[in-house]
Amino acid sequence: MSIEIRHIKKNFGDFKALDDVSLDIDSGELIALLGPSGCGKTTLLRIIAGLETADQGTIAFSGEDATHVHVRERRVGFVFQHYALFRHMTVFENVAFGLRVKPRGTRPDDAQIALKVHALLNLVQLDWLADRYPAQLSGGQRQRIALARALAVEPKVLLLDEPFGALDAKVRKELRRWLRRLHDELSVTTIFVTHDQEEALEVSDRVVVMNHGAVEQVGAPQQVWEAPATAFVYGFLGDVNQFKGQVSAGQMRIGSKKQQVFLPSPDYMQSDALPAVAYVRPYDFDVRRYSPDDEGIVAHLERAVVVGPIARMELRAPVEGGLAGAQLIEAQIPASLFHQEAFTEGETLVLAPRRARVFAGAAQAGFARP
Amino acid sequence: MRKVLPGFGITLGFTLTYLSLIVLIPLSALLFKTMSFTWEQFEAAVTSARVVASYRLTFGASLLAALVNVVFGLLVAWVLVRYEFFGKKLIDALVDLPFALPTAVAGISLTALLASNGWVGQIFESWGIQLAFNPTGVVIALIFIGLPFVVRTVQPVLEDTEKELEEAAACLGATRWQTFARVILPAITPALLTGFALAFARAIGEYGSVIFIAGNMPMVSEITPLLIVSKLEQYDVPGATSIAVVMLAISFSLLLLINALQAWQRARSGSPA
Amino acid sequence: MSALIAPSARSRSPGGTQEPKWVRVCLIAVALAFIALFLVLPLAAVLTEALRNGVHAYREALREPDAVSAIRLTVITALIAVPLNLVFGVAAAWAIAKYEFHGKAFLTTLVDLPFSVSPVVAGLIYVLLFGAQGWFGPWLQAHDIKIIFAVPGIVLATVFVTFPFIARELIPLMQSQGNDEEQAAIVLGATGWQTFWHVTLPNIKWGLFYGVILCNARAMGEFGAVSVVSGHIRGQTNTMPLHVEILYNEYHSAAAFAVASLLALLALVTLAIKSVAEWRQGKILKALGELPPERAGVYAADALTLQPAG
């Protein structure tokens, strides 16, 4: 089932949780809503479920307006962040609940319910836990039971709120792969909310990056990662260095007067001395020993740590007037190169950006670190 | 705004209707009735010497009883939370006895104990001290009915105080007494004050447990609620109503004070509810 | 009154934050002496005084027709007042604990109001409404309906005095359990009634049970308010506490204590049930602690619509 979200607005008092959000989700897609806390992703998910009501805008399921359909009739499966399992019921009864509360006419009999519940428990590979209570389960098991319970009513859409948020790192990775496989098996339209970029990029078909109640970018993981549409997305996905400067006629100048770098910025061909910010990923630098006529940013190597195949370097670029207020730059180069060049802490180096993205004017706003 | 959980309209509607019928409309009858008196009538009723003497007794005894309960209530709560001893569960359960025991039963029982021929009374009688049928008896009865309030408000807060705070204080060189006075006591002050206010409010309105033991001598050991009853029995409805309005105003102010104290406590502990 | 949500005292390991032994022993001794003097002794006095003239006199005092009718009236009053306040308590707790609305804090204060009103004043307000000189007095007289100095007045005064008990027990309990389980049930297609019956009620049943028991104890034991509206007509409008008063004032001390001992037993049973209920509800809450509810801060809605209007 496809979902069409049109111009959704939602305020909590003076706080704009969602500001004119529109989104199309295709049938059978696995979508990640990604953003920092407070960006409105959970609110959007709850509005899709019918647990919150939008102030304005419409939601349609497969073209049919569902804006005013009660959550009970929407046929969505919702997995709560902390699972919201019924504490006083066994695992079996939890999963059976959605079937037991059906109106008398459509309610399956006990045998059918048992069959279905066991099938679902098998699907989540926890059939042996049927008689346990939620308190007796591990976090990962609770998560899967919550999913089984949501699937019992054969939802047309599956919604998950921070599905892996409360789990430790190892279980998280495992469940991530498992969710992906499960989705491919069931191919039910699935939306999940996360603040973890790795999770979003790894699991989903498409990522929706949100900030301050608005959608910043929608795209396939690769596309969002390679070509961030806004400064915010650039900053939110992975580590990045920022350099302030001015852009003139499609060229942005950064660095000191003596040693400067020009970065091509084709988006701003007509600009003249427009304030801009350049974003450079740590691994997009060429790092060389200092020589006076080399083109690049001059910086002192303060610290270098080799972790596995990568050397992480922290450098400080003195600005005019000495080291006070010197900018910290992070750079990463292959460990082999680091050893080969034998850089030592305290040395002066030159950083030449291989790739940079320039945002000028209004577009430079909204940068945030995750 | 549409709510996800159903039943908001019907439950709130029923709550408001029932509240109005049982509590608000009858209470407003009291105010309307009072408004039909002249100011002179009202003033005469609430400031006659006998009534003023009853205020003095009611407030004085309630204040004293609440203060005693703050000290001993804190002590009981402390002992119940911090120490292990035989019969602790039983004592813990027993603390609520004044909530559950009908006030008339408490009244006659305390009277039987404290009268000059009672178990406790005769001991004090031999020292020349009378416990019953005078203001002392009133205070004792009010201590009894107010006891659970301080214990039950302080106990959960004491349970929630972080042990780390005390350990930090000890590491910084504080003595046990300093730790108590400077770390624990400030943390439980809002709860103590709430418990004090609750016990005080309850004591001011108390009737059943007091009238048996007070002796009810006009000007000496007559509490304000009793005056309302006796005026009513003499068909002095305006007199009874006027005094009742004063009592109601005091109760309501205390209720607001208690709410403010509880809000303070919630802000202090940083947790909702 | 929300004692049920307090976790039972946890034991603390001795160490740098423990008082010296003699201090501990002294504090425990003083606390126990205080409890013994103010709680145990009065209770013991009731039972001994009741049996002062022997078991036979005790039984006779309870069999006497006026005593029997007082017991009957007390039971009838409780049977009407408690269910009324039960329905109110559940409805009020549902509205207050599960939703955010303007004026919620003020409404909660109003629910508490009968706690702080003197029982005597509580009785008086019904006299002012339904008494001979009251608002509805003439109309009631014309239609020959008696409320004051009759059973309806006693029931009304009792309902007023025990009004907040069940609501007060349930509101903090339902608030602490959050809304997630209910929301999950609704998403799975349950109706409101199914949600309450299958999801909410099992989680609050012990708190609810205790609220009912406490409400019942107070309903049966109410003295001040009932005293004002009853008229003390023997065999007709006398409840047990009023009967105790009459016997006591007429110097039938042993008989008074015999009836009082029944009320004291009721109080003890109430305390025992409370302990059990507290323990059972504590277990449910512990399970809740292991499965934490959605953090309140997740939905700005909760924080921002909470501003009290009153």
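Higher on the page you've got the structure.
What this report covers is the structure whose coordinates are included nearby.

Parameters and conventions
Residues numbered from 1 in each chain as written. Chains lettered and ligands numbered in written order. Predicted model: local features only at pLDDT ≥ 70, side-chain atom pairs only at ≥ 80, totals over all residues. Heavy atoms only, no water. Helix = DSSP H or I, 4+ residues; strand = E, 2+ residues; numbered from the N terminus. Buried < 20%, exposed > 50% of the residue type's maximum accessible area, 1.4 Å probe, protein only. Contact = heavy atoms within 4.5 Å. Areas by Shrake-Rupley, 256 points an atom, 1.4 Å probe, with all protein chains shown as cover. Lys, Arg positive; Asp, Glu negative; His and termini not counted. Charge placed at Lys NZ, Arg CZ, Asp CG, Glu CD. Buried area = accessible area lost by both parts, 1.4 Å probe. Polar contact = N/O pair within 3.5 Å; in protein donor to acceptor, adjacent residues only side chain to side chain. Nonpolar A, V, L, I, M, F, W, Y, C, P; charged D, E, K, R; others polar. Axes fitted to C-alpha atoms, helices over the stretch in contact; angles between N-to-C directions. Parallel < 35°, antiparallel > 145°, perpendicular 65-115°, else oblique. Pairing = 2+ DSSP bridges. Expected span 1.5 Å × (residues − 1). Salt bridge = Lys/Arg side-chain N within 4 Å of Asp/Glu carboxyl O.

## Re the overall build of chain B
Here is step 1: Scanning chain B from terminus to terminus reveals 13 helices and 0 strands.
Here is step 2: For chain B, the sequential pattern of α-helices and β-strands runs α-α-α-α-α-α-α-α-α-α-α-α-α.
Here is step 3: Principal-axis analysis of the C-alpha atoms gives chain B an extent of 70 × 65 × 30 Å.
Here is step 4: Counting only residues that meet the buried cut, chain B has 57% of its 273 residues in that class.
Here is step 5: Contacts in chain B between residues far apart in sequence, at least 24 positions, make up 75% of those at least 6 positions apart.
Here is step 6: Total accessible area on chain B is roughly 11,400 Å²; 69% of this is exposed by carbon and sulfur atoms.
Here is step 7: The averaged location of the 16 negative side-chain charges in chain B is 6 Å from the averaged location of its 16 positive side-chain charges.

## A look at the interface of chain A and chain C
Here is step 1: Counting residues at the interface gives 33 residues for chain A and 32 residues for chain C.
Here is step 2: Across the interface of chain A and chain C, roughly 2,800 Å² is buried in total on both sides, 63% from carbon and sulfur atoms.
Here is step 3: Looking at the side of chain A facing chain C, the largest losses of area belong to Arg72(A), His82(A) and Arg87(A), adding up to 27% of the total buried there.
Here is step 4: Across the chain A-chain C interface, the total number found is 5 residue pairs in polar contact (both at pLDDT 80 or more).
Here is step 5: Of all the secondary structure elements, the ones that give two or more residues to the side of chain A that touches chain C are α1 (41-49), β6 (76-79), α2 (91-100) and α4 (139-152) of chain A.
Here is step 6: Residues of the side of chain A that touches chain C, tallied by class, amount to 17 nonpolar, 7 polar and 9 charged.

## Points about the packing of helix α8 (residues 135-160) of chain B against helix α1 (residues 21-50) of chain C
Here is step 1: Put simply, α8(B) and α1(C) touch, their axes get as near as 11 Å, and they point 95° apart. Between α8(B) and α1(C), the crossing angle belongs to the class labelled roughly perpendicular. Together, Ile140(B), Ile143(B), Phe144(B) and Leu147(B) of α8(B) and Phe34(C), Phe38(C), Leu39(C) and Pro42(C) of α1(C) make up the contact between the two elements.
Here is step 2: Its residues assigned to classes, the contact of α8(B) with α1(C) shows 8 nonpolar, no polar and no charged.

## Here's the deal with the pairing of β6(A)
Residue and element names in this part refer to chain A.
Here is step 1: Of the two faces of β6, the one lined by Val-76 and Phe-78 and the one lined by Gly-77 and Val-79 are each fully buried.
Here is step 2: Examined bridge by bridge, β6 and strand β7 (residues 157-161) share 4 bridges and lie parallel to one another. The residue bridging Phe-78 from the neighbouring strand is Leu-159, located in β7.

## Considering helix α5 (residues 169-186) of chain A
Think of an α-helix as turning once every 3.6 residues; residues three or four places apart then point the same way.
Residue and element names in this part refer to chain A.
Here is step 1: With 18 residues, α5 extends 26 Å from end C-alpha to end C-alpha; this agrees with the ideal 26 Å at 1.5 Å per step.
Here is step 2: All of the buried residues along α5 are Arg-172, Leu-175, Arg-176, Trp-178, Leu-179, Leu-182 and His-183.
Here is step 3: Residues of α5 that are buried sit in contact with β3 (30-34), α3 (110-123), α4, β7, β8 (189-194) and α6 (197-203).
Here is step 4: Directly beyond the C-terminal end of α5, a positive phi value near 40° is found at Ser-187.

## Brief notes about the side chain of Gln194(C)
Here is step 1: Mapped onto the elements of the fold, Gln194(C) is located in helix α10 (residues 192-221).
Here is step 2: At 2.8 Å, the side chain of Gln194(C) and the backbone nitrogen of Thr191(C) are in polar contact.
Here is step 3: Apart from residues lying up to four places away in sequence, Gln194(C) is in contact with Arg100(A), Val101(A), Arg107(A), Gly189(C) and Val199(C).

## As for the pattern of salt bridges
Here is step 1: For the structure on display, the rule yields 34 salt bridges over all chains.
Here is step 2: When the shortest N-O distance is used, the salt bridge between Lys173(A) and Glu198(A) registers 3.9 Å. Residue Lys173(A) is found in helix α5, and its partner Glu198(A) is found in helix α6; the two are separated by 25 residues along the sequence.
Here is step 3: When its relative accessible area of 43% is taken as the criterion, Glu198(A) is described as partly exposed.
Here is step 4: For Arg168(C), the salt bridge identified is with Asp112(C), shortest N-O distance 2.7 Å. Note that Arg168(C) is positioned in helix α8 (residues 165-177) and Asp112(C) in helix α4 (residues 104-116), a separation of 56 residues in sequence.

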